[in-house]
Amino acid sequence: MADPVTRNPLLEEEQGRALILVVERNPVVQRLERFFLEQAGYSVEFASDGIAALAHARELNPRIVVTEVLVPLLDGLSLCRALKSDPETRSIVVLVFSHLHAKDRATEAGADAFLLKPFEEQHLIETVAKLLQLTIKETGA
Amino acid sequence: MVSERLSTGISELDQVLFGGFPTNTLNIIMGAPGTGKTILAEQITFANSSPQSPALYLTTLSEPLEKFISHGQTYAFFDPSKVAESVFYEDLGLIVRERGIAALPDIVTEMLIARRPRLIVIDSFKALMELIEESPEQRTVLFDLASVLGAYQCTSFIVGEYTEEMMADLPEFAVADAILSLLKHATGVREHRFLKIEKLRGSQSLPGMHAFAIRDSGIEVFPRLLTPQTSPDYDLDVERVSTGIKGLDDMVAKGFWRGSTTLVAGPNGSGKTVIGLHFIREGILRNEPGVYVGFQENPVQLARIITNFGWDSAAMFRDENFEHMYRSPVEMQLDNVATELMRRVRGGKIKRVVIDALGDLRKSSSDEQRFSEFMYALTQWFAVQNVTCLMTFGLHYGVQGQDVSDEEISNLSDNIVLLRFQQGPEVKRAVRIIKTRGSTHDHREQIIDISNKGMRITPR
């Protein structure tokens, strides 16, 4: 999790950098994801478990939540269900990004997209960009 | 009192464990890298998980969690839909690095409370323990962890790259209820995998080394064949089994005893396979189903031989009384063949078995003594099952030799049929009965004729 004193995700969102909340347990993978997503022009926040992710999503209202299935306390699919069943967070786009073959389960949980790891930055960036385009069209934002 | 068992999901391994691992115990799966420990642990985990009985798989510092998932998904037993529903993976290594090894019992306790598992795996436990190898905390942490796992009603497995020498020194071996070790053994270019039950507290297990293979479906175990506890029923000695070659039947008082084993030995081209095929075909005609186990002729080649005798090979292969079990001798494994053969015989309908040829099976064994014991147990088992067996055996001599000098091989059988080429202006095939157990036989050598109608023996 980035230091909230030095970074202001809401401000970054206002400055035109779409905020992405990434739910990932492994700090090494977090570093990789931060590097590539920030390089692509996004503002990135992290949560290390599903419960923290749910709280951050409610607090920060990110444009996209990118979640691994295998995260502690609340798995990525349950997180997705929780986000999609809450009127306050329903509009947040959820991308399930996992090593686990769980495309059908992600769809059932209400996810907007599924990507199978391992990490391939171009594919991730393209998918995030496409999902953002969709949200812009749908909301007119 | 027999404790409740947790099935491994592998019926042959359950057989080795006399039903599976006792429930609510702490067990070790050990072996060198690449022996299949994680595959076995995951297979047991998936076989035993359900929403009512969840499993917790804790990865540590041997491999990242992602590797467990990616690699595990390549096996058929790994059901991705169970992950995060009834199989819960957690990266224990990451949490221990954050909170310290001393917190391990607390961390596991928190996970038990959160997930309420009935099965828990720590993979690799050894890697975790190495974090504090030099520290006096090791024994305390282990003791506390064992206490937690012992107090909670679940069956636990700790996985590690332990060697046999470590068993005497490391504290986890003292607290373990069962220890299963996996080994790899190379002979020439072949690699054999074996498993062994080193310890099973309060229970018996099948002794010795049991072969296993790793397939796309997961681990397949081939228990070591032991001599059956039950003796063959000698009341069976009232029925003769025809070989399908009248002249040969006549040489042994109208056929061999049912449940007996006959060795047909001779050099290449002397007619061993032909006798085997006659024996199986006679079974088809008499509604005595048979398995033809062949290591040289694939189905096409065997069909060609059958057709050559004027028999309808397509009809024979379609016949429900005929099973062709072909195994290439290149990657064949003794226990694998036996397990498959026994599985077929256990089906209950098989009355005849042909093994063509014993020499191929012998070459697949890494140990000569083991081969002899194995074949003795197999033929005894056939006798108990009331199955009549015919085995061919190639002899490496030309026209001169005439005895089966290999004692180990000849002792395996009740009857010995020796084939040879007779010297003279015209090379002729000949047959002689060397031995029949509990029966009389014709001691004279007879001439064989193999034509496009099969084999004929003309009495002289």
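In case you missed it, the structure is sitting above this.
Below is a summary of the structure that appears in this document. On a predicted model such as this, the values are computed, not experimentally measured, just so you know. (Residues numbered from 1 in each chain as written. Chains lettered and ligands numbered in written order. Predicted model: local features only at pLDDT ≥ 70, side-chain atom pairs only at ≥ 80, totals over all residues. Heavy atoms only, no water.)

1. Quick look at the overall build of chain A
Put simply, the rule is: Think of it this way: any DSSP run of H or I at least four residues long counts as a helix, any run of E at least two long counts as a strand, and we number them from the N terminus. Note on classification: 1.4 Å probe, protein chains only; a residue is buried when its accessible area is under 20% of the maximum for its type, exposed when over 50%, partly exposed between these limits. In what follows, a contact means two residues having at least one pair of non-hydrogen atoms within 4.5 Å.
A count of helical and extended segments in chain A gives six helices and five strands. Counted from the first residue to the last, chain A has its helices and strands arranged as α-β-α-β-α-β-α-β-α-β-α. The proportion of buried residues among the 141 residues of chain A is 55%. For chain A, long-range pairs separated by at least 24 residues make up 61% of all intrachain contacts whose partners lie at least 6 apart in sequence.

2. Regarding the sheet that holds strand β4 (residues 93–98) of chain A
Two pairing modes exist for strands in a sheet, parallel and antiparallel, and in both the strands are linked by backbone hydrogen bonds. Residue and element names in this part refer to chain A. Note the following rule: Paired strands, in this sense, are two strands between which DSSP finds at least two bridges. To obtain each axis, a line is fitted to C-alpha atoms, and for helices this fit is confined to the stretch in contact; angles are then taken between N-to-C directions over 0 to 180 degrees.
In space, the five strands of this open sheet follow the order β2-β1-β3-β4-β5, with parallel pairing throughout. Bordering the open sheet on either side are β2 (43–47) and β5 (113–116), each of which pairs with just one other strand. Each adjacent strand pair in this sheet contributes to an overall mean axis angle of 20 degrees, direction not counted. One ladder, built from four bridges, connects strand β3 (residues 64–67) with β4; its direction is parallel. Within β4, the position partnered with Ile-64 by the bridge is Val-93. Helix-sheet contacts for helix α3 (residues 50–60) involve β1 (19–23) and β2, and the interaxial angle to β1 is about 170 degrees. Lying on the sheet, helix α4 (residues 76–85) is in contact with β1, β3 and β4; it crosses β4 at an angle near 175 degrees.

3. As for unusual backbone geometry
A cis amide bond, omega 20 degrees, links Lys117(A) with the succeeding residue Pro118(A). For Pro118(A), the position within the fold is in the loop between β5 and α6 (121–139). Ser124(B) follows Asp123(B) through a cis peptide bond whose omega is 5 degrees. For Ser124(B), the location among the structural elements is in the loop between β6 (119–123) and α6 (125–129).

4. Re the pairing of strand β15 (residues 290–294) of chain B
All names here are of chain B. For β15, the buried fraction is high: five of the five residues fall into the buried class. Here β15 shows two buried faces, one formed by Gly-290, Tyr-292 and Gly-294 and the other by Val-291 and Val-293. Relative to strand β16 (residues 322–326), β15 runs parallel, the two being bridged by five bridges. Following the sheet pairing, Val-293 is matched in β16 by Met-325. Pairing geometry for β15 and strand β17 (residues 352–356), over five bridges, is parallel. Paired with Val-293 across the two strands is Ile-355, which belongs to β17.

5. Some details on the interface of chain A and chain B
So the rule is basically this: Two parts placed together each lose some accessible area under a 1.4 Å probe, and adding up what both lose gives the buried area. Note on definitions: salt bridges are taken to be side-chain nitrogens of Lys or Arg within 4 Å of carboxyl oxygens of Asp or Glu. N or O atoms closer than or at 3.5 Å make up a polar contact, with two conditions inside protein: a donor-capable atom paired with an acceptor-capable one, and, for residues adjacent in sequence, both atoms drawn from side chains. Here the nonpolar group is Ala, Val, Leu, Ile, Met, Phe, Trp, Tyr, Cys and Pro; Asp, Glu, Lys and Arg are the charged ones; every other residue, Gly included, is treated as polar.
On the side of chain B, 18 residues touch chain A, which itself brings 14 residues to the contact. Taken over both partners, the interface formed by chain A and chain B buries close to 1,300 Å², and the fraction arising from carbon and sulfur atoms is 53%. When the area that chain A buries against chain B is broken down by residue, the three leading residues are Arg25(A), Leu70(A) and Arg105(A), summing to 39%. Linking chain A with chain B are three salt bridges. Notably, a salt bridge pairs Glu85(B) with Arg81(A), separated by 4.0 Å at the nearest N-O pair. Linking chain A with chain B are seven residue pairs in polar contact (both at pLDDT 80 or more). Class assignment for the residues of the side of chain A that touches chain B results in six nonpolar, three polar and five charged.

6. Remarks on the side chain of Asn321(B)
Tracing the chain through its elements places Asn321(B) in the loop between α12 (313–318) and β16. For Asn321(B), the side chain forms a polar contact with the main-chain oxygen of Ile284(B), separated by 3.5 Å.

7. So, the pattern of salt bridges
Scanning all chains against the criterion turns up 28 salt bridges over all chains. For the salt bridge of Glu68(A) with Lys117(A), the shortest nitrogen-to-oxygen distance reads 3.0 Å. Placement of Glu68(A) in the loop between β3 and α4 and of Lys117(A) in the loop between β5 and α6 is noted, with a sequence separation of 49 residues between them. The two residues Glu68(A) and Lys117(A) agree in class, both being buried. With its nearest N and O atoms 3.5 Å apart, the salt bridge here joins Glu90(B) to Arg115(B). Here Glu90(B) is found in strand β5 (residues 87–91), whereas its partner Arg115(B) is found in helix α5 (residues 104–115), with 25 residues between them in sequence. You'll find Glu90(B) and Arg115(B) in the same group, each marked buried. One network of salt bridges, with partners in common, ties together Glu12(B), Arg215(B), Glu220(B), Glu323(B), Glu340(B), Arg343(B), Arg344(B) and Lys349(B).

8. Some remarks on the packing of α3(A) against α4(A)
Residue and element names in this part refer to chain A. Applied cut-off: When describing relative orientation, an angle under 35 degrees is termed roughly parallel and one over 145 degrees roughly antiparallel, while 65 to 115 degrees is termed roughly perpendicular and anything else oblique. Helix crossings get a hand from a simple test, with the near helix turned counterclockwise from the far one by less than a right angle marking a left-handed crossing and a clockwise turn marking a right-handed one.
Between α3 and α4, whose axes approach to 10 Å, the crossing angle comes to 25 degrees. When the axis of α3 is compared with that of α4, the two are roughly parallel. Considering how the two elements wind past one another, α3 and α4 form a crossing that is right-handed. Only Leu-79, Ala-82 and Leu-83 of α4 make contact with α3, whose side of the interface consists of Gly-50, Ala-53, Leu-54 and Ala-57.

9. Considering the side chain of Arg420(B)
Residues and elements named next belong to chain B. With respect to the helices and strands, the residue Arg-420 is situated in strand β19 (residues 415–422). Since its relative accessible area comes to 14%, Arg-420 is described here as buried. There is a polar contact of 2.6 Å between the side chain of Arg-420 and the side chain of Glu-445.

10. What about the nonpolar core?
We count it as follows: Buried Ala, Val, Leu, Ile, Met, Phe, Trp, Tyr and Cys residues that are joined via side-chain atoms within 4.5 Å together make up what is termed a nonpolar core.
Grouped together as the largest cluster of nonpolar side chains are 63 residues, with contacts concentrated most on Leu13(B), Leu40(B) and Tyr89(B). If we skip the residues at most four places from it in the chain, Tyr89(B) touches Leu70(A), Glu42(B), Phe46(B), Tyr57(B), Thr59(B), Leu65(B), Phe68(B), Ile69(B), Phe78(B) and Val83(B). Met342(B), Ile350(B), Phe374(B) and Leu395(B) belong to the second-largest nonpolar core, a separate cluster that totals 34 residues.

11. Looking at the sheet that holds β16(B)
All names here are of chain B. Strand order across the open sheet formed by nine strands is β16-β15-β17-β18-β14-β19-β20-β21-β22, with mixed pairing between neighbours. If you trace the sheet from one side to the other, it starts and ends with β16 and β22 (454–458), each paired once. The sheet shows a mean angle of 20 degrees between the axes of neighbouring strands, direction not considered. Bridging between β19 and strand β20 (residues 428–436) involves eight bridges; their strand directions are antiparallel. In the sheet register, Gln-422 faces β20, and the bridge partner there is Lys-428. Each of β14 (261–266), β15, β16, β17, β18 (388–394), β19, β21 (446–451) and β22 touches helix α10 (residues 272–285); the most contacted strand, β17, lies at about 160 degrees to it.

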